[in-house]
Amino acid sequence: MMTVHEVSRLAGVSIRTLQYYDKIGLLHPTGYTDAGYRLYDDTALERLQHILLFRELEFSLKDIRMIINSPDFDRNKALEQQIELLMLKKEHLDNLINFALGIKMLGVRHMDFKAFDRSKLDEYSRQAKELYGNTPEYKEMKEKMKNRTEEEDHIMADRFMLFFKEAGEIKNTDPASPEAQDLVKRIQDFITENLYTCTDKILSGLGKMYSGGGEFTENIDAYGGAGTAEFVDQAIQIYCG
């Protein structure tokens, strides 16, 4: 585990930026020290790497959040795309450097503007963003989120996490109980209302993701106590049959 100060030095990202990423639901800390400082594990650092690569490629924070929070997000596929985009960006910069050197050698009358053509880079970037927009769920989520402010997104995320605080209060009971099943139904309805139509199949997959370890599990257990993510998953699988 690394402190927020260590991550800031390692990644070259300010502490204020890391705090902001937490606030908008882009990168939550894994836990906190007794003094209240944020802590990050390897899973969180891997997520930060993807965020910073997308930022280097000039993706907006809102696009990044939708991509890496998408149910279809594939880290390996994303890395392949990022490498391809960086190679295209390098080619674009090389062309600009050669263009500038040409001006220096030939003077300003050298009127070739092809070096400024970003069409190939922009097209691949568009395709990378749209890869996660091929599913109806992603399109629906993008439509519902397009007019929300970052503050509204933050409030919505806080409201959603309250479900797990509530789950923590009953995590030692039967996940098949009416109370637990009602909680699952409200989680499903919240996702459908605010993000995308959450079918039983999608909900079942989310449950497995919640209890599968890493950032999701740690964040849920941070709200409801150890074992909350596992309890929610068990209740979801019962609900989904």
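Residues numbered from 1 in each chain as written. Predicted model: local features only at pLDDT ≥ 70, side-chain atom pairs only at ≥ 80, totals over all residues. Heavy atoms only, no water.

## Looking at the side chain of Asn219
The residue Asn219 is located in helix α11 (residues 214-224) in this model. A residue is classified by how much of its surface remains accessible, and Asn219, at 13% relative accessible area, is buried. Once you skip the residues sitting within four places of it in the chain, Asn219 turns out to touch His28, Pro29 and Met161. (Helix = DSSP H or I, 4+ residues; strand = E, 2+ residues; numbered from the N terminus. Buried < 20%, exposed > 50% of the residue type's maximum accessible area, 1.4 Å probe, protein only. Contact = heavy atoms within 4.5 Å.)

## Thoughts on the confidence of the model for the protein
Looking at the protein as a whole, its pLDDT mean stands at 81, while 80% of the residues score no less than 70. For the protein, the element scoring lowest by mean pLDDT is helix α6 (residues 119-131), at 58; helix α12 (residues 228-239) scores highest, at 95. (pLDDT = per-residue confidence, 0-100.)

## Observations concerning the side chain of Thr217
Within the secondary structure layout, Thr217 lies in helix α11. In terms of polar contacts, Thr217 uses its side chain to reach the backbone carbonyl oxygen of Tyr210, at 2.5 Å. Excluding anything up to four places from it in sequence, Thr217 contacts Met209, Tyr210, Ser211, Gly212 and Ala229. (Polar contact = N/O pair within 3.5 Å; in protein donor to acceptor, adjacent residues only side chain to side chain.)

## Here's the deal with the environment of Arg148
Along the chain, Arg148 turns up in the loop between α7 (136-145) and α8 (150-170). Overall, the relative accessible area of 17% leaves Arg148 in the buried class. If near-sequence neighbours (up to four positions away) are discounted, Arg148 is found in contact with Lys62, Asp153, Met156, Asn194 and Leu195.

## A few points about the pattern of salt bridges
Scanning the entire structure with this criterion turns up 5 salt bridges. For Asp22, the salt bridge goes to Arg38, with nearest N and O atoms at 3.1 Å. Taken together, the residues Asp22 in helix α2 (residues 15-23) and Arg38 in strand β3 (residues 38-40) connect sequence positions 16 residues apart. Arg186 is the partner of Asp182 in a salt bridge, and the nearest nitrogen-oxygen pair spans 3.0 Å. Taken as a pair, Asp182 and Arg186 lie in helix α9 (residues 178-194) at a separation of 4 residues, close to a single helical turn. What emerges from the salt-bridge pattern is a single network uniting Glu166, Asp182 and Arg186. (Salt bridge = Lys/Arg side-chain N within 4 Å of Asp/Glu carboxyl O.)

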